Amino acid sequence: MSAGEEEPKLNIAKLSKMPLRLVMNEKFLRLSPDDRIEDLIKGIEHRTCAVVVDETGKLLGFISVDEIINLIVPPTDYVLVGIDALKEAHFDWNRPVREIMNPKPITLSPDDSLGYALGMMLETGVRQFPVVDGKRVVGTFSAQSVIRLLRVFAR
């Protein structure tokens, strides 16, 4: 930066009006209701959620990290579960994801503002949302989406 130039500043007021379509994640895990929990676990590795859709992309359900965590019920006599205990857990890996998905998640629109989405996070405690245009899922929005955006303004 040359002398006299200012660093770009984070303008919260402008950011809060930014439409979600500019910050949502368009590369999300899509599953069908009959896909198995094993498919979910293998596919979600670097993602925060999965969207269950029909063949047209219509939202049928949503699986957040919370639903995945609820699959793991630790033994009652242990506060922490070690990796060996997790390996011994008796998951039914062949169960369809329809059994664990949230069939009526809170959704956001790609035209909703970032401020609105953040308000929804704070109000509901939900940290991951499907972004739906009409009935078709076009992306997901999560706390990670906000972190990715803020990284642009980090020094």
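Reading guide: rules and limits
- Residues numbered from 1 in each chain as written.
- Predicted model: local features only at pLDDT ≥ 70, side-chain atom pairs only at ≥ 80, totals over all residues.
- Heavy atoms only, no water.
- Buried < 20%, exposed > 50% of the residue type's maximum accessible area, 1.4 Å probe, protein only.
- Helix = DSSP H or I, 4+ residues; strand = E, 2+ residues; numbered from the N terminus.
- Arc of directions from axis to C-beta.
- Contact = heavy atoms within 4.5 Å.
- Pairing = 2+ DSSP bridges.
- Axes fitted to C-alpha atoms, helices over the stretch in contact; angles between N-to-C directions.

Colleague: Give me the lowdown on helix α6 (residues 143–153), citing residues and values where you can.
Modeller: For α6, the full list of buried residues reads Ser145, Val146 and Leu149. Taken around the axis of α6, the buried residues stretch over an arc of 100°, which confines them to a single face.

Colleague: For the environment of Ser32, give the residues involved together with the corresponding values.
Modeller: By secondary structure assignment, the location of Ser32 is in the loop between β1 (29–31) and α2 (37–43). In contact with Ser32, not counting residues within four places along its chain, are Val52, Val53 and Val97.

Colleague: So, the side chain of Thr140: which residues are in play, and what are the values?
Modeller: Tracing the backbone through its elements, the reader meets Thr140 in strand β5 (residues 136–142). Apart from the residues within four sequence positions on either side, Thr140 is in contact with Met24, Asn25, Phe28, Cys49, Val51, Phe62, Phe129, Pro130, Val131 and Ser145.

Colleague: A description of the sheet that holds β1 should follow, citing residues and the corresponding values.
Modeller: Taken together, the 3 strands give an open sheet; going across it, the order is β1-β2-β3, and neighbouring strands pair in mixed fashion. At either margin of the open sheet sits one strand with a lone partner, and together these are β1 and β3 (59–64). With strand direction ignored, the average angle separating the axes of adjacent strands in the sheet is 25°. Across 3 bridges, β1 lies against strand β2 (residues 49–53) in parallel orientation. Paired with Leu29 across the strands is Ala50, a residue of β2.

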